[in-house]
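Notes for the structure review
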Amino acid sequence: MRNRLPYLDFIEKELQLPETELSQPLVIDLFAGCGGLALGFEAAGFRTVGYEKLEDACATYRHNLLGSCHQLTLIRQQDLVEGAAVIIGGPPCQPFSVGGHQLGLRDSRDGFPIFIDAVNRYRPQLALFENVRGMLFRNKAYFEEIVIALKELGYIVEWDILNAAHYGVPQRRERLFCVAHRGRWTWPKKTHLNSPYTAGEALGELAFLAPLDSKFLTPSMDEYVKKYEIASKCIRPRDLHLDAPSRTVTCRNLSAPTGDMLRIQLPDGRRRRLTVREGARLQSFPDWFEFKGNEESQCNQIGNAVPPILAKAIACSVKAYLDSSEQPASEESPLLSQPIQLSLKLF
Ligand SMILES: C[S@@+](CC[C@H](N)C(=O)[O-])C[C@H]1O[C@@H](n2cnc3c(N)ncnc32)[C@H](O)[C@@H]1O
């Protein structure tokens with residue numbers, strides 16, 4: 001029998017789903033995708049209800065998670081499930097990512113007015129969103145407006161850029177996390193700061209195999225990648241390096257044959273694209289987690305997700321916060337109980 005990878009044991013143990021009980025706090029997951037963020041919350045002992053517009057992503061969520069996922073296009077004034085202690089979400093990040101041309105407020109795909117409106121109407125004890133780190137830089141003014149809106153609702157707002165590798169994900173993925181809370185919030189401890197999992201530890205023997213349906217780089221693609229690397233002054237070729245955490249897994253570099261795509265160099269020198277399962281491993285999805293839809297759809301779901309292991313670390317902090325004696329609202333942060341008309345023109 002082959003040796004099991006310690007990394008697989010780690011993620012399977014961390015992401016075991018407990019029996020659902022009605023006493024568990026309820027989480028509304030907006031823009032839920034395939035449920036990467038929700039998986040971490042369920043593993044930490046929350047019940048989740050997702051809202052997501054894409055059929056495949058909803059099907060993945062329903063197939064793997066204990067909670068339900070409503071397939072709909074979210075709008076403001078949307079009726080959501082009652083009684084949630086927490087609202088989480090990954091509002092669409094196209095407006096902020098370099099690939100999305102950073103249109104910010106002018107981008108109709110913007111999900112923040114919807115997220116803030118839900119927080120205003122349902123007043124959870126804590127709200128949390130994730131986005132690309134670029135939001136803090138070129139879209140800083142917009143980010144500040146979001147923070148002001150959450151403060152107007154009576155929350156204390158804190159944010160940080162977390163690197164998934166520091167929490168046991170074999171990937172250097174940096175994302176912005178912003179938390180609106182009423183009392184003392186503590187960020188999760190970095191458990192793997194000095195000893196991150198490497199891509200090799202996550203993939204094991206998969207990294208040396210060529211499955212029958214492998215997509216090898218053609219000579220012209222090899223040439224293209226070489227030119228790309230020279231143009232972008234890459235010192236180390238951007239193949240997957242098994243001795244280190246992987247670079248960020250995105251929809252684009254997992255599914256599209258571009259110069260930036262994630263690929264493995266096999267012992268015989270051939271280079272192939274990563275498989276869906278390899279992308280999922282690098283994002284810390286356990287092997288039992290099945291993705292629905294065609295290959296491109298699965299890659300998008302994976303690239304869009306919050307790595308579940310990082311999500312669990314955050315969810316444990318949320319649990320500790322809910323359990324803490326700081327509830328309900330402290331005097332410095334009187335939480336309003338009725339929806340209000342926010343003063344910002346944006347919302
Ligand atoms: C960044 S992904 C969320 C990933 C998710 N948090 C996870 O961890 O798997 C954003 C998702 O929002 C969905 N979405 C975008 N606009 C939406 C809308 N108006 N209503 C519902 N879902 C929407 C997209 O289809 C996409 O799946």
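Read on for an overview of the structure. (Residues numbered from 1 in each chain as written. Predicted model: local features only at pLDDT ≥ 70, side-chain atom pairs only at ≥ 80, totals over all residues.)

1. Considering the pairing of strand β7 (residues 174–181)
- Counting buried positions along β7 gives six out of eight residues, so the element sits mostly inside the fold.
- In this sheet, β7 lies alongside strand β5 (residues 126–132) in antiparallel orientation, the contact comprising six bridges. Note that in β7 the partner of valine 132 across the bridge is arginine 175.
- Here strand β6 (residues 156–163) pairs with β7 via eight bridges, running antiparallel. In the sheet register, tryptophan 159 faces β7, and the bridge partner there is cysteine 178. (Buried ≥ 20, exposed ≤ 12 C-beta atoms within 10 Å, placed from the backbone. Helix = DSSP H or I, 4+ residues; strand = E, 2+ residues; numbered from the N terminus. Pairing = 2+ DSSP bridges.)

2. Considerations on helix α5 (residues 140–152)
- For α5, which comprises 13 residues, the first-to-last C-alpha distance of 18 Å matches the rise-based estimate of 18 Å (1.5 Å per residue) to within 8%.
- Every buried residue of α5 is accounted for by Phe143, Ile146, Ala149 and Leu150. Angular distribution of buried residues about the axis of α5 spans 115°; they occupy a single face of the element. Turned more than 90 degrees away from the buried face of α5 sit Lys140, Ala141 and Glu144, all of them exposed.
- Packing partners of the buried residues in α5 comprise α4 (112–122), β6 and β7.
- Directly beyond the C-terminal end of α5, a positive phi value near 95° is found at glycine 154. (Expected span 1.5 Å × (residues − 1). Arc of directions from axis to C-beta. Contact = placed C-beta atoms within 7 Å.)

3. Notes on the sheet that holds strand β4 (residues 86–89)
- Within the open sheet, the seven strands sit side by side as β3-β2-β1-β4-β5-β7-β6. Their pairing is mixed. Looking at strand neighbours, the two that pair on one side only are β3 (68–71) and β6, the edges of this open sheet. For this sheet, the mean angle separating the axes of adjacent strands, direction not counted, is 20°. (Axes fitted to C-alpha atoms, helices over the stretch in contact; angles between N-to-C directions.)

4. Quick word on the nonpolar core
- The biggest cluster of nonpolar side chains holds 82 residues, and the ones touching the most others in it are Leu30, Phe41, Ile87 and Leu310.
- For this core, the element with the highest residue contribution is helix α11 (residues 308–323), accounting for eight residues.
- Of the residues that make up this core, three or more belong to each of domain 1 (7–185 + 307–323) and domain 2 (199–302).
- Other than its neighbours up to four places away in sequence, leucine 30 contacts Tyr51, Leu74, Ile87, Gly89, Phe115 and Ala118. (Core = buried A, V, L, I, M, F, W, Y, C linked by C-beta atoms within 7 Å. Domains from an automatic or database assignment.)

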